[in-house]
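# Observations on the model geometry
Now for the letters of each chain:
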Amino acid sequence: MSAVEGVSAMPLGLLDGLDPALEAHGLSLDYGQRRALDSVHLQVPRQRVTALIGSSGCGKSSLLRCFNRLNDEIAGCRVLGTVRALGLDAYANTTSLPDLRRRVGMVFQKPNPFPQSVAENVAFGLRLAGIRSRLELDDRVEAALRAAVLWDEVRDRLGDSALALSAGQQQRLMIARALAVEPEVLLMDEPASMLDPISTLRFEELVVALRERYSVLLVTHNMQQAARVADYTAFMQAGRLLEFDTTDRIFTNPRLRGTEDYITGRMRESGGL
Ligand SMILES: Nc1ncnc2c1ncn2[C@@H]1O[C@H](COP(=O)(O)OP(=O)(O)OP(=O)(O)O)[C@@H](O)[C@H]1O
Ligand SMILES: [Mg+2]
């Protein structure tokens, strides 16, 4: 863990000996003149669920997007520092962007199915990867839908429009689409914020199950959700990563007053720098 940029947000020894899935070291990000991330240090463990919490505008989505370089699409956005994903320097010229994005998948807050069939929505990334065999496509679509715990609900509707699915089903469809290309990391940006309590419960069970195979970084505004599903929790405030620890420690005995204030709801809603 580098200590170049000042105090580390991570207790020494927490991830000793572990090979992190994602790492940010001295990561700063500007949108034009506005600084949105300021010297962020974070290590996201492999095959664990890590929750990313903090008030609106504190930089959670910006940080998530650095890990598969989705910020590249934003004009005027500048990234400084080091971002590593699965051992690769994410911003190195030698790193293949399509490969990075296949290995580091993303699920957004709002489901965005294409106006195509359920099956085609899941097959999207597989087709991009050049898979043409009907048999292989069918197999992998089914496997992804099963992994996303959606198969039983849509097995008879694979040819129907994905837009006809409920919001909770659409969100699991997005997870199936992300899983179909067999990523190693899943970035999830408030994926359950539009779901009803039952769908939220199913979603949380799914996230816990995904931990067997994937490294998950989950943004959530729901403190109970973070406490229920995350092994580790990272707390951000005003573009900085203030505290990172086991979820148990963050929720029962955080080191910083600011973390405690946020999780107990005493924090003012002033996320910006
Ligand atoms: N495309 C953009 N162009 C300019 N500024 C942006 C852009 N995206 C985000 N910002 C700014 O960067 C800061 C961090 O935004 P970000 O979306 O990362 O916050 P967040 O923690 O995800 O918030 P929320 O919880 O509301 O989703 C905010 O001040 C925001 O206005
Ligand atoms: Mg956000």
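The rules behind these values
- Residues numbered from 1 in each chain as written.
- Chains lettered and ligands numbered in written order.
- Predicted model: local features only at pLDDT ≥ 70, side-chain atom pairs only at ≥ 80, totals over all residues.
- Heavy atoms only, no water.
- Helix = DSSP H or I, 4+ residues; strand = E, 2+ residues; numbered from the N terminus.
- Rg over C-alpha atoms; globule rule 2.2 N^0.38 Å.
- Buried < 20%, exposed > 50% of the residue type's maximum accessible area, 1.4 Å probe, protein only.
- Contact = heavy atoms within 4.5 Å.
- Lys, Arg positive; Asp, Glu negative; His and termini not counted.
- Charge placed at Lys NZ, Arg CZ, Asp CG, Glu CD.
- Pairing = 2+ DSSP bridges.
- Axes fitted to C-alpha atoms, helices over the stretch in contact; angles between N-to-C directions.
- Salt bridge = Lys/Arg side-chain N within 4 Å of Asp/Glu carboxyl O.
- Phe/Tyr/Trp six-rings, centres within 6.5 Å; stacked < 30°, edge-to-face > 60°.
- Lys NZ or Arg CZ within 6 Å of the ring centre and 35° of its normal.
- Near = heavy atom within 4 Å.
- Polar contact = N/O pair within 3.5 Å; in protein donor to acceptor, adjacent residues only side chain to side chain.
- Areas by Shrake-Rupley, 256 points an atom, 1.4 Å probe, with all protein chains shown as cover.
- Nonpolar A, V, L, I, M, F, W, Y, C, P; charged D, E, K, R; others polar.
- 1 Å grid on protein atoms, 1.4 Å probe; cavity = no way out; pocket = protein on both sides within 12 Å on 5 of 7 lines; lining within 4 Å.
- Points joined across faces, edges and corners; volume = space filled by probe spheres on them.

### Things to note about the overall build of the chain
- Counting its regular elements, the chain contains ten helices and ten strands.
- Its C-alpha atoms give the chain a radius of gyration of 19 Å, within 12% of the compact-globule value 19 Å for 273 residues.
- The principal-axis extent of the C-alpha atoms belonging to the chain is close to 55 × 45 × 40 Å.
- Expressed as a percentage of the 273 residues in the chain, the buried residues total 51%.
- Sequence-distant contacts in the chain: of pairs separated by 6 or more residues, those separated by 24 or more amount to 68%.
- Averaging the positions of the 32 positive and the 34 negative side-chain charges in the chain gives two centres separated by 3 Å.

### Some points on the sheet that holds strand E1 (residues 22-31)
- The strand order across the open sheet formed by four strands is E2-E1-E4-E5, and the pairing between neighbours is antiparallel. Of all the strands in the sheet, the pair left with one neighbour each is strand E2 (34-44) and strand E5 (88-89).
- Pairing geometry for strand E4 (residues 77-85) and E5, over two bridges, is antiparallel. By the bridge assignment, Ala85 is partnered in E5 with Leu88.
- Its contacts with the sheet place helix H1 (residues 60-67) against E1, E2 and E4, and it is angled at close to 120° to E1.

### Re the pattern of salt bridges
- If you walk through the whole model with that rule in mind, you get 21 salt bridges.
- Across the pair Glu136 and Arg140 runs a salt bridge whose closest N-O atoms are separated by 3.4 Å. Here the residue Glu136 and the residue Arg140 both occupy positions in helix H4 (residues 134-147), the gap between them amounting to four residues, near one helical turn.
- In this structure Glu136 comes out as partly exposed when scored by relative accessible area, which is 34%.
- Taking the shortest distance from any N to any O, the salt bridge between Glu153 and Arg172 comes out at 2.8 Å. Here the residue Glu153 occupies a position in helix H5 (residues 151-154), and Arg172 occupies one in helix H6 (residues 167-180), the gap between them amounting to 19 residues.

### Comments concerning the packing of aromatic side chains
- According to the stated counting rule, one finds three aromatic pairs in the structure shown.
- The positively charged end of Arg177 is found above the aromatic ring belonging to Phe114, 4.0 Å away from the centroid.
- For Arg177, the ring lying beneath its charged end belongs to Phe124, and the centroid distance is 5.9 Å.

### Some thoughts on the site of ligand 1
- If you check the shell around ligand 1, you find 15 residues, and the closest are Ser56, Gly57, Lys60, Ser62 and His221.
- Between ligand 1 and Ser56, the relevant distance is 2.5 Å, taken from an oxygen atom to a side-chain nitrogen or oxygen of the residue.
- For ligand 1, whose free accessible area comes to 630 Å², the fraction covered by protein is 66%.
- Of all the elements in the fold, those that place two or more residues in the shell around ligand 1 are E2 and H1.
- Ranked by residue count, the leading element in the shell around ligand 1 is H1, at four residues.
- Partitioning the shell around ligand 1 into residue classes produces four nonpolar, seven polar and four charged.

### What about the layout of surface pockets?
- By volume, the largest pocket amounts to about 670 Å³.
- Forming the boundary of the largest pocket are 23 residues, of which Arg101, Phe124, Gly125, Leu128 and Val181 lie nearest the centre.
- Mapped onto the lining of the largest pocket, the elements with two or more residues apiece are helix H2 (97-103), strand E6 (104-107), helix H3 (118-128) and H6.
- Broken down by class, the residue content of the lining of the largest pocket amounts to 14 nonpolar, four polar and five charged.

### Quick notes on the environment of Asp99
- With respect to the helices and strands, the residue Asp99 is situated in helix H2.
- A sequence separation of 84 residues divides Asp99 from Pro183, and the C-alpha atoms of the two residues are 9.6 Å apart.

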